[in-house]
Structures are given as C-alpha cells and as structure tokens.
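Examination of the molecular architecture
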Amino acid sequence: MDYDRLVTVMRRLALEAGDRIMEIYAAPDFAVRAKSDASPVTEADEAADALISEGLAEAFPPVPLVTEEQSASHAQHVSTFLIVDPLDGTKEFVQRRGDFTVNIAYVEDGVPVRGVVYAPAKGRLFYTLADGRSVEEEGPFDKERPGARKPLSVSMPDNRGLMVVASKSHRDQATDDYIARYAVRDLTSAGSSLKFCLVAAGEADLYPRLGRTMEWDTAAGDAVLRGAGGQMVRLEDHALFVYGKPGFENPFFIAHAPGVLLVK
C-alpha cells in the first residue's frame, strides 16, 4: 500500500463526506428510517457512504471494502481491507448534537494501521500520517492542501485520579460499575469515535466500552489512538484487539493510555 496516497485520499474523502453531511444537517428536516437492527439511518449516512465508497474503489480497486451501509460487504472474510463508517453517531446527528464523525480506516493483517476521523460539526480532524504517527489538523480545511498539524500523544496518566471518557448515547450501569473500579478525577461523555481521539490527544486517559460495537465503529479511531501511542484491548482478558473477525463484530473493549493500570 502507498501510504502517502492512502492518507491523501482518505483525508479528502472524509472532508468531502463531511461537507455533504453538513448540507443535510443544516436542512430544516431530513429523512430517518430504522435498519433491520432497529438502529437509525439517515440520507446523510447513505450520501456519505456512496461518496466515500466510490472514491475508495476508484483509488484502490484491488483492496476489499467493508462499509456499514452495505450489508453485502459484511459477509467477506478478509484480514487486509478498507473499512468505513460514513456517519458514526447517527443518534447524535438526528438529535442535532455535534458528536458525529466520518470514519475511514485501512486494516492490514488485522491491525488498523491508518485512519481518519472527522467531526465536521465540531471542526476537528484527526488522522494518521503516512509514517503512522497521528495528528490533529487545524481548520479551516482545504481538501487538497493540509493545514497546520499538531502531533497527538497520549497522556502520562495519574492512576490516583484518571480522566475517563464514556459514551454519550450508550452509557449503562455496567459501564458505570466498571468505571467505579478506578480512581477518577474527571468523567466526561462524548459521542461516536471522538472518544478514541480524546484519548489520543491526551484529553482523556481511559475509554471503556461495555456494549455492542462493530469494527467500522472503531477501526479509524483505533488507528489514530495507536498512532498516538495508545492501546485498545479486549475487556475480558486485555488481549490485543484484532480486526477481520467473523461478521466484523467487536467484543467489549478498553481504549487507554499505556500508563493506566487496568483492572479485571
């Protein structure tokens, strides 16, 4: 894989998809329907998916593509592939909260090695460079020419008082019980894959998820986190997280800065 070209294409497609999403977001009304699993999908999800899928297929035709909005792609058995969640945080979008993101990642031999997470309503753009290091680019964003970029690095956590981030729409008692096992200095809520980016940026130390997620929900954020020196592990045994699992379904997980003393 030509990582320079990959990062250029993923960044541009994320920004283009973000523009399309924000056009729909700004409209007085937009269509929302329920998918087979009862989760919501909007015309923004579908428009962004079409734009990103077409762009990736044109740029990297031999590479398998897995995307949330195309159920036929979920039957693949692959370990190296592109994976897309065109609008992560649809509930945040529908409720007109800004915590939704565009997510594009490249998984190589089960590891998300490059990724981009763009939160268009918040004006935050996170991605990995060609060498694998993660950055946050400052806006306004030019699709062809990157602006100033700030290197991302996870925090050096103080286990006597951790900064924890949890899901805004999927917070439950099990998650609260798990968080209660740590000494917590600050607990914030965020939507979508932004939680990974907050850990990557050193704005949080720990993000536990005790709930159902799919690989397209996590791959791009995981890539950004890894590029900032962070880790994502399975909750049950703290084993390394891998991608290309059957059906692309995730176990419960913990995303964290390496200095966090994890509990079981």
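What counts, and where the lines are drawn
Residues numbered from 1 in each chain as written. Predicted model: local features only at pLDDT ≥ 70, side-chain atom pairs only at ≥ 80, totals over all residues. Heavy atoms only, no water. Core = buried A, V, L, I, M, F, W, Y, C linked by side-chain atoms within 4.5 Å. Buried < 20%, exposed > 50% of the residue type's maximum accessible area, 1.4 Å probe, protein only. Helix = DSSP H or I, 4+ residues; strand = E, 2+ residues; numbered from the N terminus. Contact = heavy atoms within 4.5 Å. Salt bridge = Lys/Arg side-chain N within 4 Å of Asp/Glu carboxyl O. Phe/Tyr/Trp six-rings, centres within 6.5 Å; stacked < 30°, edge-to-face > 60°.

The subject of this paragraph is the nonpolar core. In terms of nonpolar packing, the biggest core is built from 47 residues, with F81 and I83 touching the most fellow members. Looking at this core element by element, the count peaks at six residues for helix α5 (residues 194-200). Core analysis: the next-biggest nonpolar cluster, separate from the first, contains 32 residues, L6, L13, L87 and Y106 among them.

This part is about the environment of V117. Turning to its location among the elements, V117 is positioned in strand β6 (residues 111-119). Remark: the alpha-carbon pair of V117 and N103, spanning 14 residues in sequence, is separated by 4.9 Å. Ignoring sequence-local partners within four residues, the contact set of V117 consists of T101, V102, N103, R124, L125, F126, S193, C197, A220, G221 and V224.

This paragraph deals with the pattern of salt bridges. A full pass over the atoms with the stated rule returns 15 salt bridges. Where R226 meets D222, a salt bridge forms, and the shortest distance between an N and an O atom there is 2.8 Å. With R226 and D222 both in helix α6 (residues 215-227), this residue pair falls four residues apart, about one helical turn. For R226, a relative accessible area of 28% puts it in the partly exposed group. With a relative accessible area of 0%, D222 lands in the buried category. Among the salt bridges present, the one from R234 reaches D237, with a minimum N-O distance of 2.3 Å. According to the relative accessible area criterion, D237 is partly exposed, its value standing at 31%. Connected through shared salt-bridge partners, R124, E136 and E203 make up one network.

Okay, the environment of A257 next. With respect to the helices and strands, the residue A257 is situated in the segment after β14 (253-256). In this structure the C-alpha to C-alpha distance between A257 and V154, which are 103 residues apart in sequence, comes to 5.7 Å. Once residues within four sequence positions are removed from consideration, A257 is found in contact with V154, S155, P157, V199 and D205.

Right, let's get into unusual backbone geometry. A cis amide bond links G139 to the next residue, P140, at an omega of 0°. Mapped onto the fold, P140 is located in the loop between β8 (134-137) and β9 (149-151). A positive phi angle is found at D109, which is not glycine, with a value near 50°. With respect to the helices and strands, D109 occurs in the loop between β5 (101-108) and β6. Under the relative-accessibility criterion, D109 is labelled exposed at 62%.

Turning next to the packing of aromatic side chains. Inspection of the entire model under this criterion finds twelve aromatic pairs. Aromatic pair F93 and F100: ring centres 5.2 Å apart, planes at 75°, arrangement edge-to-face. With a relative accessible area of 0%, F93 lands in the buried category. Assessed through its relative accessible area of 0%, F100 is described here as buried. Aromatic side chains F241 and Y243 sit 5.5 Å apart centroid to centroid with 65° between the ring planes, which places their arrangement in the edge-to-face category. Accessibility assignment for this pair places F241 and Y243 in one class, buried. An aromatic cluster is defined as three or more aromatic residues linked by ring pairs; in this entry it consists of F196, Y207, F241, Y243 and F253.

Coordinates in, geometry out; function isn't part of it.
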